[in-house]
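Chain by chain, the residues:
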Amino acid sequence: GAGVSQSPSNKVTEKGKDVELRCDPISGHTALYWYRQSLGQGLEFLIYFQGNSAPDKSGLPSDRFSAERTGGSVSTLTIQRTQQEDSAVYLCASSLGGPFVEQYFGPGTRLTVT
Amino acid sequence: AQRVTQPEKLLSVFKGAPVELKCNYSYSGSPELFWYVQYSRQRLQLLLRHISRESIKGFTADLNKGETSFHLKKPFAQEEDSAMYYCALGEYGGSQGNLIFGKGTKLSVKP
């Protein structure tokens, strides 16, 4: 079946603009995660959804970052007033149930803030 | 605080040589540990998890609670093993929903 998909695959934006990144998880996966992958920094956890609720928002780096999930499926990560340090690859993953089953990752969205 | 350390950014070995990718963790509870791998131009994917006690693609990893380590080993490296490897820690039984990843080790297997 189809894996996790993310759009757009690449996004170039000007500093100060808002961006929306989309994630379509595997059908039936109740858990959804957002991570940020920066050069030399590995994967940084951003936020986790179980269904439509986000019990763990601890990883969001600032109040410019927000995320929502509707219908227990698609999720959108929004970054307001983008800064150059937001440039990274944003990865989405989904899994059945909780966090300790296998997470299936999407291809990522490469965000470049100029 | 929970932390995962992968001390080597880059590990280069020759084909057929043994390989060990180091991972140390800091966690006071009962850890769940994983190795994820990202091959060139492919998605990040699960390689193995300690609770499964399995060998995947010839790789094994043993959890050593005394040394707080979960090193990934393979006796004879192959060129197709070249990839980025990430060690990850999950909190068992807690409310946390995330995995904490190390910064990764790039394995290069030379012919």
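Conventions and cut-offs
Residues numbered from 1 in each chain as written. Chains lettered and ligands numbered in written order. Predicted model: local features only at pLDDT ≥ 70, side-chain atom pairs only at ≥ 80, totals over all residues. Heavy atoms only, no water. Helix = DSSP H or I, 4+ residues; strand = E, 2+ residues; numbered from the N terminus. Buried < 20%, exposed > 50% of the residue type's maximum accessible area, 1.4 Å probe, protein only. Contact = heavy atoms within 4.5 Å. Pairing = 2+ DSSP bridges. Buried area = accessible area lost by both parts, 1.4 Å probe. Salt bridge = Lys/Arg side-chain N within 4 Å of Asp/Glu carboxyl O. Polar contact = N/O pair within 3.5 Å; in protein donor to acceptor, adjacent residues only side chain to side chain. Nonpolar A, V, L, I, M, F, W, Y, C, P; charged D, E, K, R; others polar. Disulfide = S-S within 2.5 Å. Core = buried A, V, L, I, M, F, W, Y, C linked by side-chain atoms within 4.5 Å.

Colleague: Can you help me understand the overall build of chain A in this one?
Modeller: Along its length, chain A carries 0 helices and 11 strands. Counting helices and strands in the order they occur from the N terminus, chain A gives β-β-β-β-β-β-β-β-β-β-β. When the backbone C-alpha atoms are referred to their principal axes, chain A occupies close to 35 × 25 × 25 Å. Expressed as a percentage of the 114 residues in chain A, the buried residues total 48%. Restricting the contact set of chain A to residue pairs at least 6 apart, pairs at least 24 apart contribute 55%.

Colleague: I tried to follow the sheet that holds strand β8 (residues 72-74) of chain B on my own but got confused; where do I start?
Modeller: Within a sheet, adjacent strands bond to each other through the backbone by hydrogen bonds, running parallel or antiparallel. Residue and element names in this part refer to chain B. Read across the sheet, 3 strands follow the order β3-β8-β7 without closing on themselves; strand pairing throughout is antiparallel. The strands lining the two open edges of the sheet, one partner per strand, are β3 (19-21) and β7 (60-61). Where β7 and β8 come together, 2 bridges link them in antiparallel fashion. Following the sheet pairing, A61 is matched in β8 by L72.

Colleague: I would appreciate a short explanation of the interface of chain B and chain A in the present structure.
Modeller: Interfaces are frequently sized by the accessible area removed from exposure as the parts join. Of the residues lining the interface, 20 residues belong to chain B; the matching set on chain A comes to 21 residues. Here chain B and chain A share an interface that buries about 1700 Å² over both sides, 55% of which is from carbon and sulfur atoms. Between chain B and chain A we count 0 salt bridges in total. Counting across the chain B and chain A interface gives 5 residue pairs in polar contact (both at pLDDT 80 or more). Breaking the side of chain B that touches chain A down by element, the ones donating at least two residues are β5 (31-38), β6 (45-49), β9 (83-91) and β10 (99-101) of chain B. The greatest single-element share of the side of chain B that touches chain A, amounting to 4 residues, is contributed by β5 of chain B. Taken together, the residues of the side of chain B that touches chain A break down into 8 nonpolar, 7 polar and 5 charged.

Colleague: I tried to follow the state of the cysteines on my own but got confused; where do I start?
Modeller: Disulfides are covalent bonds that link the sulfur atoms of two cysteine residues. Residue and element names in this part refer to chain B. Counting across every chain of the model gives 2 disulfides over all chains. Paired by a disulfide, C23 and C87 hold their sulfur atoms 2.0 Å apart. In this structure the cystine formed by C23 and C87 twists about its S-S bond by roughly -65°; its chirality is therefore left-handed. Note that C23 is positioned in the loop between β3 and β4 (24-26) and C87 in strand β9, a separation of 64 residues in sequence. Classification of C23 by relative accessible area gives buried; the value is 0%. Taking relative accessible area as the criterion, C87 reaches 0% and is therefore assigned buried.

Colleague: When you look at the pairing of β6 of chain B in this model, what are you seeing that I'm missing?
Modeller: All names here are of chain B. Counting buried residues in β6 gives 4 out of 5 residues, a clear majority hidden from the surface. In this structure, β5 lies alongside β6, joined through 4 bridges in antiparallel fashion. The partner of V37 across the bridge, within β6, is Q45. Between β5 and β6, which pair antiparallel in sequence order, lie 6 residues; one of them, R41, sits at a positive phi of approximately 60°.

Colleague: Help me out: how do you make sense of the nonpolar core in this one?
Modeller: When a protein is soluble and globular, its nonpolar side chains tend to lie buried together. Counting residues in each nonpolar core, the largest one holds 25 residues, and the members touching the most others are L21, W35, L72 and Y85 of chain B. Sorting the residues of this core by element identifies β2 (10-14), β3, β5, β6, β9 and β11 (105-110) of chain B as the ones contributing at least two each. With 4 residues, β9 of chain B is the largest single contributor of residues to this core. Core analysis: the next-biggest nonpolar cluster, separate from the first, contains 19 residues, I47, I79, Y90 and V113 of chain A among them.

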